Amino acid sequence: MEKTILVHGSGHKAASWKETISYLHHREDILCPELSAILDGREASYSSLRTAFAAYCAQADGPVNLCGLSLGGILALDYTLEHPETVKTLVLIGTPHKVPRAAFALQNIVFRLLPKSMFASMAFDKRDTFALGNSMKNLDFSGSVHEIRCPTLILCGEKDSTNIKSARFLAQNIQGAELQILTNTGHVVNEDAPKALAERLNAFYAAHP
């Protein structure tokens, strides 16, 4: 049976999907990796994480449905471009098509002011969060997203002002992609509106059995 892989963002852990998963059909076929764990002690760089994620997806041993939020969306997008033959469907939630430098710089300033304890609920500790972020600042998929051919759903929270332009760009540049904006919802859609998200995922997967 094909697997659906849900990938969290840098600000959260795999547990952020828990409520959404409770509303999804075929829950037994859902995988939800912990990004810090799949690194398995390697340096927290995008290159290392990208390699580790590809190895994780390969273990599914067949076509996968990829669904990623933010950093998870970037990984899912990147993997789909590199391994188009193994991705059946793609869902990108609050995902930038290129890393916004101004927002990234502001985020770094905020992160530097936070105590290490504040990173306990995030995907990586303070040191690794900075290392990973710095390795991603030049990422830009603008010129390649048109190569994606699998059924694609683009989701974004209405209040996610940082990523809504990217959502529209992705929908316009990925062939056949569908864009859905979730009202009264911020960036972390799987925690802000887990039931509404699950309903949209169920409908999307039902349309591509």
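In what follows, the structure referred to is the one given above.
Calculation notes
- Residues numbered from 1 in each chain as written.
- Predicted model: local features only at pLDDT ≥ 70, side-chain atom pairs only at ≥ 80, totals over all residues.
- Heavy atoms only, no water.
- Pairing = 2+ DSSP bridges.
- Helix = DSSP H or I, 4+ residues; strand = E, 2+ residues; numbered from the N terminus.
- Contact = heavy atoms within 4.5 Å.
- Axes fitted to C-alpha atoms, helices over the stretch in contact; angles between N-to-C directions.
- Phe/Tyr/Trp six-rings, centres within 6.5 Å; stacked < 30°, edge-to-face > 60°.
- Buried < 20%, exposed > 50% of the residue type's maximum accessible area, 1.4 Å probe, protein only.
- Parallel < 35°, antiparallel > 145°, perpendicular 65-115°, else oblique.
- Left-handed = near helix turned anticlockwise from the far one by under 90°.

Student: Please clarify how the sheet that holds strand β2 (residues 30–31) should be interpreted in this entry.
Tutor: Adjacent strands of a sheet form backbone hydrogen bonds with each other and so pair up, either parallel or antiparallel. Spatially, β2-β1-β3-β4-β5-β6 is the arrangement adopted by the six strands of the open sheet, whose pairing is parallel. The sheet is open, and its two borders are formed by β2 and β6 (178–182), each paired with just one other strand. Looking at chain direction, strand β3 (residues 64–69) and strand β4 (residues 87–93) are connected through six bridges and run parallel. Of the residues in β4, the one forming a bridge with Cys67 is Val91. On top of the sheet, helix α3 (residues 46–58) reaches β1 (3–7), β2 and β3; it is set at about 155° to β1, its chief contact. The sheet contacts of helix α4 (residues 71–82) involve β1, β3 and β4, and relative to β3 the element is tilted by about 145°.

Student: What should I look at first to understand the packing of aromatic side chains in this one?
Tutor: Aromatic rings in a pair are described by how distant their centres are and how their planes are angled relative to each other. Applying the stated rule across the entire model yields two aromatic pairs. With a centroid separation of 6.0 Å and an interplanar angle of 80°, the aromatic rings of Phe53 and Tyr79 are classed as edge-to-face. Here Tyr79 lies in helix α4 and Phe53 lies in helix α3, a separation of 26 residues in the sequence. The two residues Phe53 and Tyr79 agree in class, both being buried. Ring centres of Phe204 and Tyr205 lie 5.6 Å apart, and the angle between their planes is 55°; this geometry places the pair in the tilted category.

Student: Looking at this structure, how should I read the packing of α3 against α4?
Tutor: When two helices pack together, their arrangement is given by the angle between the helix axes and by the axis-to-axis distance. The interhelical angle for the contact between α3 and α4, taken along N-to-C directions, is 65°, at an axis separation of 10 Å. Taken together, the axes of α3 and α4 are roughly perpendicular relative to one another. At the point where α3 passes α4, the crossing takes the right-handed sense. In this structure, α3 uses Tyr46, Leu49, Arg50, Phe53, Ala54, Cys57 and Ala58 to contact α4, whose residues at the interface are Leu71, Ile74, Leu75, Ala76, Asp78, Tyr79 and Glu82.

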